[in-house]
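# Structure assessment
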Amino acid sequence: GGTRRRSVSMRAIHHRAPAVIPRAEANRAVNASVARDKPVVAIAGGGLWGCACAYFCQRTSHCDVVIVERSRVASAASGKGGGFLARDWGDGTPTAPLHKRAFELHETLAEELLLETYRKIPTLSVLGGSALDGGPTPLVSWLDGDIQMCRMMDEFGTAQVTPKELCEKLHDAAVRLGATSVKGEVTGVTFADDGAKVRGLVYKNEDDGTVEEIEADHVVVAMGPWATRASEWFGIKVPMTGIRSTSVMYEASEAVMREPAALFCGEDENGCHLEVYPRSTGEVYICGIGGSQYIDEERLLPGGDCDRSEKIVENPSRVAAAMRSFGGMSRSIGGDGKAPLVTQACMRPCAPDALPILGPVDGIENAYMATAGNCWGILWSPVAGEIIADLITKGKSSIDIKPFSPTRFMQRGARGRGRKMRSEEVGEQW
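Further remarks concern the overall build of the protein chain. On a plain count of helices and strands, the protein chain comes out with 11 helices and 22 strands. Burial statistics for the protein chain: of 430 residues in total, 60% are counted as buried. The long-range share in the protein chain, meaning contacts at least 24 apart out of those at least 6 apart in sequence, stands at 73%. Taken as a whole, the protein chain presents about 16600 Å² of accessible surface, with 49% of it coming from carbon and sulfur.

One finds Leu170, Val220 and Ile388 to be the most contacted residues of the largest nonpolar core, which totals 65 residues. With 10 residues, the top contributor of residues to this core is helix 11 (residues 377–394). Those residues in contact with Val220, other than ones at most four positions away along the chain, are Val41, Ala42, Ile43, Ala44, Cys53, Tyr368, Ala370, Ile388 and Ile392. Judged by nonpolar contacts, the second largest core, of 37 residues, contains Val40, Val68, Tyr203 and Ala227.

Attention now goes to the packing of helix 2 (residues 48–59) against helix 11. Remark: helix 2 packs on helix 11, axes separated minimally by 7 Å, with the N-to-C direction vectors making an angle of 40 degrees. Regarding the angle of helix 2 to helix 11, the classification is oblique. In the packing of helix 2 onto helix 11, the handedness of the crossing is right-handed. Each of Leu48, Trp49, Ala52, Cys53, Phe56 and Cys57 in helix 2 lies in contact with helix 11, whose residues at this interface are Gly377, Ile378, Trp380, Ser381, Pro382, Ala384, Gly385, Glu386, Ile388, Ala389 and Ile392.

A few words on the environment of Glu155. Within the element layout of this structure, Glu155 appears in the loop between strand 7 (147–154) and strand 8 (158–160). Here Glu155 falls in the partly exposed class, since its relative accessible area comes to 44%. The spatial distance from the C-alpha of Glu155 to the C-alpha of Ile121 is 7.4 Å, given a sequence separation of 34 residues. When neighbours within four sequence positions are excluded, Glu155 is seen to be in contact with Ile121 and Pro122.

Right, let's get into the sheet that holds strand 4 (residues 84–86). The strands making up a sheet are joined through hydrogen bonds of the backbone, oriented either antiparallel or parallel. Reading across the sheet, the 3 strands line up as 4-8-5 and stay open at both edges, with antiparallel pairing between neighbours. Across the chains shown, the open sheet's two edge strands, defined by having one partner strand only, are strand 4 and strand 5 (119–120). Of the strand pairs in this sheet, strand 4 and strand 8 are connected by 3 bridges, and their pairing is antiparallel. When the bridges of strand 8 are listed, Ala86 appears paired with Thr158. Strand contacts of helix 4 (residues 96–112): strand 4, strand 5 and strand 8, with the helix running at about 125 degrees to strand 4, the strand carrying the most contacts.

Our next topic: the environment of Met323. When you line up the elements, Met323 lands in helix 9 (residues 316–329). Classification of Met323 as partly exposed rests on a relative accessible area of 22%. Distance from Met323 to Val248, taken between C-alpha atoms, is 8.9 Å for residues 75 residues apart in sequence. When residues no more than four places from it in sequence are discounted, the contact partners of Met323 are Tyr250, Gly334, Gly337, Lys338, Ala339 and Pro340.

This next bit is on the pattern of salt bridges. If charged atoms from side chains of opposite charge come close, those side chains can pair. Scanning the model with the defined rule gives 21 salt bridges in all. Residues Asp88 and Arg87 are paired through a salt bridge, measuring 3.1 Å at the closest nitrogen-oxygen approach. Its relative accessible area of 13% is what places Asp88 among the buried residues. Between Arg408 and Asp353 there is a salt bridge, with its nearest N and O atoms 3.0 Å apart. One end of the pair, Arg408, is in the loop between helix 11 and strand 21 (420–421); the other, Asp353, is in the loop between strand 18 (342–350) and strand 19 (357–360), with 55 residues separating them in the sequence. Take Arg408: its relative accessible area is 14%, and that puts it in the buried class. The exposure class assigned to Asp353 is partly exposed, which follows from its relative accessible area of 26%. Within this structure, Arg87, Asp88, Asp91 and Lys100 form a network of salt bridges that share partners.

With that settled, the discussion passes to helix 11. Over its 18 residues, helix 11 extends 24 Å from the first C-alpha to the last, a length consistent with the 26 Å expected when each residue adds 1.5 Å. Roughly 30 degrees is the biggest bend found in helix 11, and it falls at Val383. Here helix 11 lies mainly inside the structure; 16 of its 18 residues are buried. Following helix 11 by one or two positions, Gly395 has its phi on the positive side, about 80 degrees.

A word on the packing of aromatic side chains. Two measures describe an aromatic ring pair: the distance that separates the ring centres and the angle between the ring planes. In this structure the tally under the stated criterion is 10 aromatic pairs. Their ring planes at 35 degrees and their centres at 6.3 Å tell us that Phe84 and Trp376 sit as a pair that is tilted. Of this pair, Phe84 sits in strand 4 while Trp376 is found in the loop between strand 20 (367–371) and helix 11, placing the two residues 292 residues apart along the sequence. By the burial criterion, Phe84 is buried, and Trp376 matches it. Among the aromatic residues, those joined into a ring-pair cluster are Phe84, Trp89, Phe264, Tyr277, Tyr285 and Trp376.

The rules behind each value
- Residues numbered from 1 in each chain as written.
- Predicted model: local features only at pLDDT ≥ 70, side-chain atom pairs only at ≥ 80, totals over all residues.
- Heavy atoms only, no water.
- Helix = DSSP H or I, 4+ residues; strand = E, 2+ residues; numbered from the N terminus.
- Buried < 20%, exposed > 50% of the residue type's maximum accessible area, 1.4 Å probe, protein only.
- Contact = heavy atoms within 4.5 Å.
- Areas by Shrake-Rupley, 256 points an atom, 1.4 Å probe, with all protein chains shown as cover.
- Core = buried A, V, L, I, M, F, W, Y, C linked by side-chain atoms within 4.5 Å.
- Axes fitted to C-alpha atoms, helices over the stretch in contact; angles between N-to-C directions.
- Parallel < 35°, antiparallel > 145°, perpendicular 65-115°, else oblique.
- Left-handed = near helix turned anticlockwise from the far one by under 90°.
- Pairing = 2+ DSSP bridges.
- Salt bridge = Lys/Arg side-chain N within 4 Å of Asp/Glu carboxyl O.
- Expected span 1.5 Å × (residues − 1).
- Bend = angle between axes of the 7 residues up to and from the residue.
- Phe/Tyr/Trp six-rings, centres within 6.5 Å; stacked < 30°, edge-to-face > 60°.

Here it is in structure tokens:
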């Protein structure tokens, strides 16, 4: 009944692994007790940040990676987010270097991973509703409803990617390079005898409930909002709010494929601050529909009502609000009460100061955290992976990450924690 300890050979699997990790494959990886000739990096979490860490670490050829994911790759916000990318919207803030480097990396990864959904698109500022003079000429033809204002917001510094594709391809590329995936729920971190250095991860097999330890030289906790569990593991305070929000997606349109533009819409009578992201495949993804709920740490811990991604479901009243708001602005796509193709919800991890939790855990050798990307989590994912890989393989990062220290004392700020374009609050705030 005790915990079984295994050293993990990353060379056990070299073929491409699917995003849903089979039990047999996981068992082969965990039970391959052979000598290691490279440092092992154990990563808790198979979302975008975990998979980016895995990819950038594994491709250095200086370490071998094992990813532990309890559900499936991209099961939470990494599979349900909008995928909006902005290069310059962090200017004047500590996250500006993250924005700029991440924007570059997304374009590079689109080529390296053969992404089908990445493309640069302009971003418009839109206000729905009837205008006295008949309204402006829309900058895209599918914005064919009641529009009071439509202007260019950012013509050359924004882009879009479907995050699920990015996450799965980062994961699969890491595995092709030699990483291993294990299906299980991480329940703790083990330490060397003096407690000042990590020794590995403990996880519970999701299929049979057995408890295993993965011996590792470095441990990265990249579990999104559930990374707050590391408070107990590392003996530090990891305050976290899960921002649970509903989103919808309308079926594909030829006009959207031909005329892509992201829309940031003013607050409307339905309580929406719509953010509209047209995908390269023609679907229209919509978030910012109001009614976001703030989930505290207790509800994120094991046994809480939000302790798993499968428990995060949409709010039907906010779906209805989004239908009214978007249907009024785009009759061709959402008019006449047309129902969305997809309704869903996800939960963004947000620290009290709205900055990421990214870097080494002070006082514990070879322990790292990568979480709290908030509404920029998809944008920042590749640079988070690059930073963690640099810390592990080079001992330093070229980007100043002191403001993002996992052990910083965090005070809740008075400003909104939503998306900003430089210092200006844009879209829904929380």
